[in-house]
Amino acid sequence: MKLSSRDQIENLSKFKSESFLTTSFYLKTDKSNMTKKEIALSSKNLLSSGRSQLDQMEMNKEKKESISRDLEKIGLFCSRRLSSHNFSGLAIFSCSGQDFWEFFSLPTSPRNRIIFDQNSYVRPLSAILDQHHRIFAITFDRREAKWYDIFMGEISLLENLIEDVPSKVREGGWEGYESKRIERHVATHLHDYFKKIAKRTFELFKKNHFDWLFLGCREKYRSDFEPLLHPYLKSRLKEWIKAMPSDSPSAVLKESLGLEKKLKKGEEGEIVHALVSELEKGGLATSGLKRTLGSLNRGEVKTLIITRNFYKPGRICPKCHFLFVDELRCPSCKRKTDLLMDVIDEAVEEAMDKNCQVRHIIPPTKLDRYGKIGAFLRYKT
Ligand SMILES: [Zn+2]
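Per chain, residues are indexed from 1 in the order of the written sequence. pLDDT decides what is reported in this predicted model: residues at 70 or higher carry local features, side-chain atom pairs at 80 or more are listed and counted, and totals for whole chains, interfaces and linings draw on all residues regardless. Where side-chain values are given, they derive from all heavy atoms of the structure, hydrogens and water being excluded.

A short note on the packing of helix α2 (residues 36-56) against helix α3 (residues 61-81)
Selection rule: To get an axis, a line is fitted to the C-alpha atoms, and for a helix only the part in contact is used. The angle between two axes follows their N-to-C directions and goes from 0 to 180 degrees. Put simply, DSSP marks the helices as runs of H or I at least four residues long and the strands as runs of E at least two long, and each gets a number from the N terminus on. To sort the angles, those under 35 degrees are grouped as roughly parallel, those over 145 as roughly antiparallel, those from 65 to 115 as roughly perpendicular, and the leftovers as oblique. Note on contacts: a residue pair qualifies if any of its non-hydrogen atoms lie within 4.5 Å across the two residues. As a working rule, the residues Ala, Val, Leu, Ile, Met, Phe, Trp, Tyr, Cys and Pro are called nonpolar, Asp, Glu, Lys and Arg charged, and the rest polar, with Gly in that last group.
α3 packs onto α2 with a crossing angle of 175 degrees between their chain directions and a minimal axis gap of 11 Å. When the axis of α2 is compared with that of α3, the two are roughly antiparallel. Taking contact as the criterion, the partners of Ser43, Leu47, Gly50, Arg51, Leu54 and Asp55 in α2 are, on α3, Lys64, Ile67, Ser68, Leu71, Ile74, Gly75 and Cys78. Of the residues in the contact of α2 with α3, the class split is 6 nonpolar, 4 polar and 3 charged.

Some points on the coordination of the zinc ion
Heads up, the condition is: Atoms are scored as donors when they are N, O or S and lie within 2.8 Å of the metal, with 3.2 Å used for Na, K and Ca; no water is included, so coordination may look incomplete. In this scheme the shape depends on donor count and angles: four donors with every angle between 85 and 135 degrees give tetrahedral, four or six donors with opposite pairs above 155 degrees and others between 65 and 115 give square planar or octahedral in turn, and any other case is irregular. Buried, partly exposed and exposed residues are distinguished by accessible area as a fraction of the type maximum, computed with a 1.4 Å probe on protein chains only: under 20%, between the cut-offs, and over 50%, respectively.
Protein-derived coordination of the zinc ion comes from Cys317 (SG), Cys320 (SG), Cys330 (SG) and Cys333 (SG), at a distance range of 2.1 to 2.3 Å. Considering all 4 donor atoms around the zinc ion, angles at the metal cover 97 to 127 degrees and the coordination shape is tetrahedral. Donor residues for the zinc ion, ordered by position in the chain, follow C-x2-C-x9-C-x2-C. You can see cysteine 320 sitting in the loop between β12 (314-316) and β13 (323-324) and its partner cysteine 333 sitting in the loop between β13 and β14 (338-340), a full 13 residues away along the chain. The exposure class of cysteine 320 is partly exposed, given its relative accessible area of 27%.

Points about the sheet that holds β12
Short version of the rule: Strands pair, by our definition, only if DSSP identifies at least two bridges between them.
Taken in spatial order, the 3 strands line up as β13-β12-β14 in an open sheet, and their pairing is antiparallel. Edge positions in the sheet fall to β13 and β14, since each has one partner strand and no second.

Observations concerning the pattern of salt bridges
The condition is simple: We count a salt bridge whenever a side-chain nitrogen from Lys or Arg sits within 4 Å of a carboxyl oxygen from Asp or Glu.
Applying the stated rule across the entire model yields 15 salt bridges. For glutamate 65, the salt bridge is made with lysine 61, and the minimal N-O distance between the two is 3.9 Å. Of this pair, glutamate 65 and lysine 61 both sit in helix α3, 4 residues apart, which is roughly one turn of that helix. Judged by relative accessible area, glutamate 65 falls into the partly exposed class, the value being 41%.

Examining the confidence of the model for the protein
The criterion, for reference: pLDDT gives the predictor's per-residue confidence on a scale running from 0 to 100.
Within the protein, residue pLDDT values average 91, and 97% of them lie at 70 or more. When mean pLDDT is compared element by element in the protein, strand β16 (residues 373-377) scores highest at 98, while helix α4 (residues 123-131) scores lowest at 82.

A few points about the side chain of threonine 303
In this fold, threonine 303 is placed in strand β11 (residues 301-307). Not counting residues up to four positions away in its chain, the partners in contact with threonine 303 are Gln357, Arg359, Gly374, Ala375 and Phe376.

Observations concerning the nonpolar core
Counted only if it meets this: Note on terminology: a nonpolar core comprises buried Ala, Val, Leu, Ile, Met, Phe, Trp, Tyr and Cys residues joined through side-chain atoms within 4.5 Å.
One finds Leu3, Phe93, Phe104, Leu106, Leu125, Leu304 and Leu323 to be the most contacted residues of the largest nonpolar core, which totals 41 residues. For this core, the secondary-structure elements that each account for two or more residues are α1 (6-14), β2 (89-95), β3 (100-106), α4, α9 (289-297), β11, α10 (343-353) and β16. Ranked by residues supplied to this core, first place goes to α10 with 6 residues. Not counting the four nearest positions on each side in its chain, phenylalanine 104 is found in contact with Met1, Lys2, Leu3, Gln8, Leu12, Gly89, Leu90, Ala91, Phe93 and Leu125.

A short note on α9
Within α9, 7 of the 9 residues are buried, leaving the element largely enclosed by the surrounding structure. The inward-facing, buried residues of α9 contact β10 (285-287), β11, β13, α10 and β16. At the C-terminal side of α9, glycine 299 shows a positive phi close to 75 degrees.

With respect to the packing of aromatic side chains
Note the cut-off: Ring pairs shown here join Phe, Tyr and Trp side chains whose ring centres sit within 6.5 Å, with only the six-membered ring taken for Trp; geometry is labelled stacked below 30 degrees between planes, edge-to-face above 60, and tilted in between. A ring is scored as having a charge over it whenever the NZ atom of a lysine or the CZ atom of an arginine sits within 6 Å of its centre and within 35 degrees of its normal.
Evaluated as defined, the whole model comprises 16 aromatic pairs. Relative to phenylalanine 194, the ring of tyrosine 193 has its centre 5.9 Å away and its plane inclined at 35 degrees; by these criteria the two rings are tilted. What makes tyrosine 193 buried here is its relative accessible area of 1%. The exposure class assigned to phenylalanine 194 is buried, which follows from its relative accessible area of 1%. Among the aromatic side chains, those forming a connected cluster through ring pairs are Phe136, Phe202, Phe205, Phe210 and Tyr232. The ring of tyrosine 311 has arginine 113 sitting right over it, with the charged end atom 4.3 Å from the ring centre. Here the basic side chain of arginine 134 rests over the ring of phenylalanine 151, its NZ or CZ set 4.4 Å away from the ring centre.

Notes on α2
So the rule is basically this: One fewer than the residue count of a helix, multiplied by 1.5 Å, yields its expected span. An arc is given here, and it is the one of the directions from the helix axis to the C-beta atoms.
Between its terminal C-alpha atoms α2 stretches 31 Å, which fits the 30 Å expected from 21 residues at 1.5 Å a residue. Within the span of α2, buried status applies to Ile39, Ser42, Ser43, Leu46, Leu47, Gly50 and Leu54. Burial along α2 is one-sided: seen end-on, the buried residues are contained in an arc of 135 degrees. For α2, exposure combined with an orientation more than 90 degrees from the buried face picks out Lys37, Leu41, Lys44, Asp55 and Gln56.

Right under this line is the structure:
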């Protein structure tokens, strides 16, 4: 299925097996950058690196067999489906011992990886979702208005409205009286039409919640139109675009995606800046892996902020699920801790379980100087 919501990740995280490991397989399948042959080859390489990892792992026969069947199934899936797979990435989660199988088409390329762990490795999925905002793009002129929904690199037309407000004032009338009257009439007509667009936009917003609003119209209409927007919408109006109703959806999409990228970078910069100033004044924030995990264990984290592609092994308490950098024994319940391939992935899952926000920041930023990870806190103990 296509990756499109946080619920899908939460559902995936719910699957846990007591007796078997889950295989997570991420593959870059971006056909604009790679040939079909290259993609097929990289999937084979990834699977064979998985097989050699498996050979070195010490575990019981049943566990090994389950992973071995995962690798076979993934290999079969790739050989049958890769050539018709038209997305930038693919993610497969399999636990054959328990008949668990899930695959996602991804709009952005992940890093190629194969991981065997207690549960599905979901961090790359959460990072991809975090990269995308739901955008409403509206284009309008005197003749018509079009509402588009843009999400995860795809555009769909929600609605269009044809009004055809006349633009020309006819000649004639006694000393221009008639033409002035028509001019006023046209201006009122245009104003009513703009009001209609603004009203419809608010109705669609209530139905389809979006993060950002992009508007495309002639520059001279901007100052008339903007005051008609509901305050909720005004706060979401991020950019005026050049696209017009006569432009193709793909042209609207192209312009919008370019702006999204720029805005996203600016937003990430603001988050890091806010975190650093909170840290500097000793406020409700923390940084560095050890301190951030401590805050997460204590339930203090409001928003977890991590640098994309920052990975670190760590440890987890099998009983209370506290996360550590290097504690061999859990200080709270004294149990021996288990090794984790990537403690940051586990932290993301923990954070999502506790309803914290997770923000992924593209490096380089100032966060690099603060241990590449940090958090805004609800409270501090
Ligand atoms: Zn514990």
